[in-house]
Amino acid sequence: VQSHSLVGLGQSDEALQLLNKAVTTHVNDNTGVKALLMAEQALILLLEFDKAKESLLMIDKALQLTSKQDIYFVKVLIAKAEIYLNTNYHNQGLDIANSIIELASTLNYFEEQAIGEYLIAFGNYQKGNTHIALEFSNTAVTKLKKTVNYIFYVKSLLINGYCLKNLGELLKALSILETAEKIAKAQNFNHNLLPAIFQILGELKLDLGEYKEAERYIKN
């Protein structure tokens, strides 16, 4: 949680240092926890420092510390799917997302199944399959709303808003994205998710002819 907060505040170097210290602490402790910490490091290396090769190496090491039948494996697999989807390996990311849904369903991991559905939405949006992305993001939003996983809930809302905007449903998109903005602000997602939300809200306001509001969002 603390590493997420540091990244949210733009302190990515500090977040990596914190995670490195935590990984060292867990060398002889719970290997599943260590795997999760390494997965978080891998995501930061990619999303904050653009180190794709190092990120994939670390995520594969993390997977080796887990068993396919436990929650840690599924959570690390989620991180790997995100890494692939954010490096334009869409098909590989979607394959992993389908595996996440199947495994999470078998093991009754409700939240992780919903995250898998978000990943399917994200990957299909990237590939231009807007209707499929909308369908899966609708499901993910409905399920993640019932959890306290605000990061993936906001991500699902964001993809949902993108889809609705692209399909011309501007007012629906606006409502969805204003919800995402409210949650992102409350959770201090001000370094990563909030700028993306501001950008699309600014575009929506332009499309709706609300120029002063559009200017405010774009400046933010």
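One can find the structure itself at the top, above this paragraph.
Residues numbered from 1 in each chain as written. Predicted model: local features only at pLDDT ≥ 70, side-chain atom pairs only at ≥ 80, totals over all residues. Heavy atoms only, no water.

Help me understand the overall build of the protein chain in this model?
Looking only at helices and strands, the protein chain has 12 helices and zero strands in total. For the protein chain, the α and β elements follow one another from N to C terminus as α-α-α-α-α-α-α-α-α-α-α-α. Looking at the protein chain residue by residue over its 220 residues, the buried ones come to 49%. Of all intrachain contacts in the protein chain linking residues separated by at least 6 positions in sequence, the fraction that spans at least 24 positions is 54%. Accessible surface, the protein chain: about 11200 Å² in total, of which carbon and sulfur atoms supply 50%. (Helix = DSSP H or I, 4+ residues; strand = E, 2+ residues; numbered from the N terminus. Buried < 20%, exposed > 50% of the residue type's maximum accessible area, 1.4 Å probe, protein only. Contact = heavy atoms within 4.5 Å. Areas by Shrake-Rupley, 256 points an atom, 1.4 Å probe, with all protein chains shown as cover.)

Help me out: how do you make sense of unusual backbone geometry in this one?
With a phi angle near 60°, Asp50 is a residue other than glycine that sits in the positive phi range. Within the element layout of this structure, Asp50 appears in the loop between helix H3 (31–47) and helix H4 (52–64). The phi dihedral of Asn88 falls on the positive side, at around 65°, and the residue is not glycine. If you trace the backbone, Asn88 turns up in the loop between helix H5 (71–86) and helix H6 (90–106).

Mind showing me how you'd approach helix H9 (residues 150–166) here?
Residues spaced three or four apart along an α-helix point in a common direction, a consequence of the helix completing one turn every 3.6 residues. The first and last C-alpha atoms of H9 sit 24 Å apart over 17 residues, in line with the 24 Å expected at 1.5 Å per residue. Within H9, 13 of the 17 residues are buried, which leaves the element mostly enclosed by the surrounding structure. Positive backbone phi, approximately 85°, marks Gly168, located one or two places after H9. (Expected span 1.5 Å × (residues − 1).)

It is not clear to me how the nonpolar core should be interpreted in this structure. Could you clarify?
Soluble, globular proteins show a tendency: their nonpolar side chains are buried together. Formed by 63 residues in total, the largest nonpolar core has its most connected members in Ile100, Leu119 and Ile197. Among the elements that line this core, the one with the most residues is H5, at 10 residues. For Ile100, the residues in contact, after removing those within four places along its chain, are Val74, Leu77, Ile78, Ala81, Glu112, Gly116 and Leu119. (Core = buried A, V, L, I, M, F, W, Y, C linked by side-chain atoms within 4.5 Å.)

Can you help me understand the packing of helix H10 (residues 170–186) against helix H11 (residues 193–207) in this one?
Two quantities define a packed helix pair, namely the angle between the axes and the distance from one axis to the other. Closest axis-to-axis distance for the H10/H11 pair is 10 Å, and the angle between their directions is 150°. The angle between H10 and H11 places the two elements in the roughly antiparallel class. Considering the relative orientation of H10 and H11, their crossing is left-handed. Contacts from Leu170, Ala173, Leu174, Leu177, Glu178, Ala180, Glu181, Ala184 and Lys185 of H10 reach H11 at Leu194, Ile197, Phe198, Ile200, Leu201, Leu204, Lys205 and Asp207. Residue classes in the contact of H10 with H11 are distributed as 12 nonpolar, no polar and five charged. (Axes fitted to C-alpha atoms, helices over the stretch in contact; angles between N-to-C directions. Parallel < 35°, antiparallel > 145°, perpendicular 65-115°, else oblique. Left-handed = near helix turned anticlockwise from the far one by under 90°. Nonpolar A, V, L, I, M, F, W, Y, C, P; charged D, E, K, R; others polar.)

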